[in-house]
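Working through the structure, step by step
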Amino acid sequence: METCHGICRITVALGENQTRTLLEQVDHWQSFLALVNMIMFCTGIPGHYPVNETVSSLTLTFWYTLQDEIMSFQVEKRTVYLQVYRPVYFQLVDVLLHKAQFPADQEYASWSSDEKDNLYDKLGRLLTNVEQPASWQHTEALLYGFQSIAETLDVNYSDVIPGLIGLITRISVNNVHLADTVMFTIGALAEWLADHPVMLGNILPLVLHALGNPDLSISSVSTLKKICRECKSDLPPYANNIVAVSQEVLIKQIHKTSQCMWLMQALGFLLSALPVEDILRNLHSLITPYIQQLEKLTNETPNPSNKLAIIHILGLLSNLFTTLDISKQDDDSADSSAPPVKTAPLPPGPNPVVVVLQQVFALIQNLLSKWLNDSQVVEAVCAIFEKSVKTLTHDFAPMVSQLSEMLGQMYSTIPQVSALDLTRQMLHIFSIEPEHFPPIKALFELVTSVTLSIFQQGPRDHPDIVDSFMQLQAQALKRKPDLFLSDSLDVKAVYHCGLLSLKFPEAPTVKSTCFFFTELLAHCSDVPPLARVVQEDGKLLIQAVLEGIGGGAPRSLMDQFAEVLFSLNKHCFALLGVWLKEALQPPGFPSARVTTEQKNNFSQQILRERVNKSRVKEIVKEFTLLCRGLHGTEYAAEY
């Protein structure tokens, strides 16, 4: 085996590294073709990769290289080579299909669990030949080939797919591996089905039947989710059947938790395309059993068993609401930092998700009263609202006031990150709307006050809360800086919390804090309370930033510190020169390794750059290397 492996490596290396040279030797094309055929033999070498052969995978890069080189020639020469090598690639397809087949049942059963795991980890389904071409293994390999092509190429205009769809419904599925691949192949063709909805009637029964088989859990549920996402506008005629089958498998608990969540996402996509009255009817039948179970669990004494059941039910609801959106969204115009742009007018009346949430709101409040000490349950509750807000954006408006009040009560009792994150999401969407500003303002001031008390008691035990709090403050400055005009907000205390947070060892916290300061400095000119605190304590910010650059923070954070310096230079130029001079004056600060001349040079370079942010980042990186004694070292060059 080692000898074979060595010969193959040499042959493949020659083919890969000299492909173009050998192709250009037109007079010796037959010799190069002989080398190609040797590599073809290595690709199809007998055995099951990687159980008892490790040669075939070495050849795969060569086939890409050969194809790329042929296509790079001028048209005339390319035409000649395509005539020569097209039959070779047809042969390669046969070889790969041969290798992709499952082994005979008896042989597969003889493999150890380690060998099977190794097989799936490496190539999924790249296996050996069989003697009978009509076996299930041959059919599975062909389907796997189609699936792979459909996942990487646009098959919408292929004239082969209609015939394939017709054949899939006629395949006699008597093996779980074949059934699995049938499901995955259908899933890969979901976009094609969206353009050819007439075929859905033949395909959906296969998928719904597979939902009831726990061995096909991943493939059947993921395929249904893809179909519901891509084809939802054509699914209303099949909706009742899909919901009924899904409800049945959920009640029977056939699938594991993650697949149950996927299934609820699939149903969310499906329901989105129905009339509002049909959505409400289906929602009622779908979630009523879970609401009743949740009521029962809420009335029980908290214990680990009912905790898992509660989190599972809350997870089902949040995954359903993640995808249930009755308005179409312009995905191209929306980005991750801004609310999606709705392009279709909403039907009259409240959103179905809002209707359901209002009905269960009292139950959720009761649940929280029992489980407020458990961060996982609180996180699961917040996830329902966070995902609903993210999906519905402004359609969530009817619940802003009551959710803001509940969040304030939750955070005042036991501060938790999930409540802060949901507050940030609410603020991002609703703080700019006049009618929703009062409850958002009250919530923001409350969580700020509570978090300030945490800083007074010692924030080092709560780095996650500090990180989320800094993100919330930065978001408030970015979306609604008027929040900092309030007499109820202690701006100076928030500023000093930021100074403390800059010295945290956790990199994400420092990044969030730097973002907070860059946003704060940008609003010094239009928010007087911010201007006052920066004028009074700007030197403290410079000292904290220089301390981090001097070695107090990881080098990976230097870009963030440079952003703060750049923002100071841009918005507080007159004061920055004074602060830098005073801060850098003490000997040994920010590092005993830098001289007074080097500190002065750094200061002058920073003050000169008010436009070029990239240059400021370079200056900071150079200075931090000097401070750490790394300037000019091989280690620094490799970093």
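Here the structure is a predicted model, which is why all the values come from computation and not from measurement.

A word on the overall build of the protein chain. Tallying secondary structure elements over the protein chain gives 31 helices and 0 strands in all. For the protein chain, the proportion of its 639 residues judged to be buried stands at 49%. Considering only residue pairs separated by 6 or more positions, the protein chain has 74% of its internal contacts joining residues 24 or more positions apart. Accessible surface computed for the protein chain: about 30400 Å², of which carbon and sulfur atoms make up 52%.

Within the largest apolar cluster, 171 residues are counted, with the highest numbers of intra-cluster contacts made by I227 and F385. If you tally residues by element for this core, the top one is helix α18 (residues 352-371), at 11 residues. Both domains that furnish three or more residues to this core are identified here as domain 2 (112-274) and domain 3 (280-327 + 352-439). For F385, the contacting residues outside a window of four places in its chain are L357, F361, I364, F396, M399, L403, M406 and L422. Membership of the second largest hydrophobic core comes to 23 residues, among which are C8, L66, F73 and Y89.

So, on to the state of the cysteines. If you walk through the whole model with that rule in mind, you get 0 disulfides. Here C524 is not disulfide-linked; the sulfur of C572 is the nearest cysteine sulfur, at 4.6 Å.

Considering all chains together, one arrives at 7 aromatic pairs under this definition. Judged by centre distance (5.4 Å) and plane angle (85 degrees), the ring pair of Y495 and F517 falls under edge-to-face. One end of the pair, Y495, is in helix α24 (residues 491-501); the other, F517, is in helix α25 (residues 507-522), and 22 residues separate them in sequence. Of the two residues, Y495 and F517, neither departs from the other in class, the shared state being buried. Taken together, the ring pairs in this structure connect Y495, F516 and F517 into an aromatic cluster. Sitting over the ring of F73, R20 keeps its end group 4.3 Å from the ring centre. The ring of F504 carries the charged tip of R460 above its face, separated from the ring centre by 4.6 Å.

Attention shifts here to helix α14 (residues 239-251). Since the α-helix turns once every 3.6 residues, residues separated by three or four places project in the same direction. Compared with the 18 Å implied by 1.5 Å per residue over 13 residues, the 18 Å span of α14 between its first and last C-alpha is a close match. Among the residues of α14, those classed as buried are A239, I242, V243, V245, S246, Q247, V249 and L250. At its buried positions, α14 is contacted by α12 (200-211), α13 (217-230), α15 (257-272) and α16 (276-299). Among the residues trailing α14, Q253 stands out with phi positive, at a value near 55 degrees.

The contact between α14 and α16 brings their axes to 11 Å, and the two run at 0 degrees. With respect to each other, α14 and α16 are oriented roughly parallel. Facing α14, whose interface residues are N240, V243, Q247 and L250, α16 presents R281, N282, S285, L286 and Y290. Looking at the contact of α14 with α16 residue by residue, the class counts come to 4 nonpolar, 4 polar and 1 charged.

Another point: the side chain of E519. When you line up the elements, E519 lands in helix α25. One buried charged residue, E519, remains without a salt bridge, the closest side chain of opposite sign being K478 at 4.9 Å. Leaving out residues up to four positions away in the same chain, E519 has contacts with A474, L477 and K478.

Turning our eyes to something else, we now look at the side chain of S222. Of note, S222 is situated in helix α13. Within the local environment of S222, its side chain forms a polar contact with the backbone oxygen of I218, the two atoms lying 2.8 Å apart. Leave out the neighbours within four places in its chain, and S222 touches F184 and W262.

To continue, consider the pattern of salt bridges. Scanning the entire structure with this criterion turns up 16 salt bridges. Its salt-bridge partner being K617, residue E563 comes within 3.4 Å of it at the nearest N-O pair. Separated by 54 residues along the polypeptide, E563 in helix α27 (residues 558-571) and K617 in helix α30 (residues 613-628) bring together distant segments of the chain. Note on K617: relative accessible area 21%, which makes it partly exposed. For R615, the salt bridge goes to E618, with nearest N and O atoms at 3.3 Å. With R615 and E618 both in helix α30 and 3 residues apart, this pair spans about one turn of that helix. By relative accessible area, which is 28% here, R615 ends up partly exposed. Judged by relative accessible area, which is 45%, E618 ranks as partly exposed.

Calculation rules
- Residues numbered from 1 in each chain as written.
- Predicted model: local features only at pLDDT ≥ 70, side-chain atom pairs only at ≥ 80, totals over all residues.
- Heavy atoms only, no water.
- Helix = DSSP H or I, 4+ residues; strand = E, 2+ residues; numbered from the N terminus.
- Buried < 20%, exposed > 50% of the residue type's maximum accessible area, 1.4 Å probe, protein only.
- Contact = heavy atoms within 4.5 Å.
- Areas by Shrake-Rupley, 256 points an atom, 1.4 Å probe, with all protein chains shown as cover.
- Core = buried A, V, L, I, M, F, W, Y, C linked by side-chain atoms within 4.5 Å.
- Domains from an automatic or database assignment.
- Disulfide = S-S within 2.5 Å.
- Phe/Tyr/Trp six-rings, centres within 6.5 Å; stacked < 30°, edge-to-face > 60°.
- Lys NZ or Arg CZ within 6 Å of the ring centre and 35° of its normal.
- Expected span 1.5 Å × (residues − 1).
- Axes fitted to C-alpha atoms, helices over the stretch in contact; angles between N-to-C directions.
- Parallel < 35°, antiparallel > 145°, perpendicular 65-115°, else oblique.
- Nonpolar A, V, L, I, M, F, W, Y, C, P; charged D, E, K, R; others polar.
- Lys, Arg positive; Asp, Glu negative; His and termini not counted.
- Salt bridge = Lys/Arg side-chain N within 4 Å of Asp/Glu carboxyl O.
- Polar contact = N/O pair within 3.5 Å; in protein donor to acceptor, adjacent residues only side chain to side chain.

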